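This is what each chain is made of:
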There are 2 protein chains.
Amino acid sequence: MDTLYSFLGGSRGAWRVTSLRDVCGEGLPPVERVEVVQGGSLMDAALPPATAWRLRGLTSHVRYAERSEVDQLAAIQPATGRVEATCAALIPIRKKAAWWALAQDERRAIFESVSHHTEIGLTYLPAVARRLHHSRDLGEAFDFVTWFEYAPEHAVAFEKLVYALRATPEWNYVEREVDIRLVRDGQHA
Amino acid sequence: MDTLYSFLGGSRGAWRVTSLRDVCGEGLPPVERVEVVQGGSLMDAALPPATAWRLRGLTSHVRYAERSEVDQLAAIQPATGRVEATCAALIPIRKKAAWWALAQDERRAIFESVSHHTEIGLTYLPAVARRLHHSRDLGEAFDFVTWFEYAPEHAVAFEKLVYALRATPEWNYVEREVDIRLVRDGQHA
């Protein structure tokens, strides 16, 4: 499945971990590197050797964005894999049961009307590439895994983006979050 | 995973197939019985013996229903497994790529404002129990599998419900649909 992405925390991979911080809830064991793998099957149960943890999720259709937002995002959102984007952040999140018990209009209202999630994100484009992976329905420990990529010169802007999002009412529904920062140094250990 | 349901078409199970009709797109091979299994793992790859096909999906949070609709549905929607509900329908559906490319507000508008999907459904409650399973993100052949249960005296009402939904603009986005009707006769072959 092309929509399946796996993030393997261990001693291998092109991305070297520069920090791993437990934002709230249970953390993840520290690792040296993260390998990003696209594809494979949901039935791949066994972890590769020297892998401490695996985060998985599926890219999917938009869940909250309306047409005007989809068009704005599409117009300025950069792709992942840009040569200059040697910095990354891997942020798995789990939301409280209370979030998932909300109706669609209530979630959308908190997401956008109150929290301005998309609006905040748009402010920091086109510097930051973003790929969202859905994990909740797979029975994974986290509900979402988001992967961000940016050039070193945009590191401060990215920091502001993360703090702006964490200051929103939407983030009151987050019960577990880990913030992993990485640099691509090309060494596949 | 308690949210995973598998529908095994073959010669086993409490539900006997009374009709299997290809509504549009590729059909499914005819079978005698369907076994409904809750739980198990997404990693269960092998089909049990004498199984011609398997439909799988996950129950999940609501995707379009707003608070007033969630409350109305919760107030009058019956549970599955009622003793008198000896009739069932198993309807897997795949929607066109054009549907999934729409933004959330566009899908919601077609779903409810134009097609009155929830409103039509509410008309036929509390006679018909319904359980929706999401399959698309699992890489299954269908996007959704819906299971309906009703007493024989409500068979005509259920027929009207299905035809009312198929007459909506939302159904223009359906590219594959099979309609399987069943009765519970308690014989586990």
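Data block above holds the structure.
Residues numbered from 1 in each chain as written. Chains lettered and ligands numbered in written order. Predicted model: local features only at pLDDT ≥ 70, side-chain atom pairs only at ≥ 80, totals over all residues. Heavy atoms only, no water.

Colleague: What should I look at first to understand the pattern of salt bridges in this one?
Modeller: By the definition in use, this model includes 32 salt bridges over all chains. One salt bridge in this structure joins A:Arg16 and A:Asp185, with 3.1 Å as the shortest N-O distance. A residue pair is termed long-range when its members are at least 10 positions apart, and A:Arg16 in strand E2 (residues 15-24) and A:Asp185 in the segment after strand E8 (174-184) qualify at 169 residues. Relative accessible area serves as the criterion here: at 27%, A:Asp185 is assigned to the partly exposed category. Among the salt bridges present, the one from B:Arg67 reaches B:Asp71, with a minimum N-O distance of 3.1 Å. Here B:Arg67 and its partner B:Asp71 are both found in helix H1 (residues 67-76), 4 residues apart, which amounts to about one turn of the helix. The exposure class of B:Arg67 is partly exposed, given its relative accessible area of 25%. Among the ionic contacts, a cluster of salt bridges with common partners joins A:Glu159, A:Arg166, A:Glu177, A:Asp179 and A:Arg181. (Salt bridge = Lys/Arg side-chain N within 4 Å of Asp/Glu carboxyl O. Helix = DSSP H or I, 4+ residues; strand = E, 2+ residues; numbered from the N terminus. Buried < 20%, exposed > 50% of the residue type's maximum accessible area, 1.4 Å probe, protein only.)

Colleague: Would you take a moment to explain helix H1 (residues 67-76) of chain A for this structure?
Modeller: Residues that lie three or four places apart on an α-helix share one face, since the helix turns once every 3.6 residues. All names here are of chain A. When H1 is considered as a whole, its buried residues turn out to be Glu69, Val70 and Leu73. Taken around the axis of H1, the buried residues stretch over an arc of 100 degrees, which confines them to a single face. For H1, the elements touching its buried residues are helix H3 (104-114) and helix H4 (117-123). (Arc of directions from axis to C-beta. Contact = heavy atoms within 4.5 Å.)

So yeah, pure geometry; function would need other evidence.
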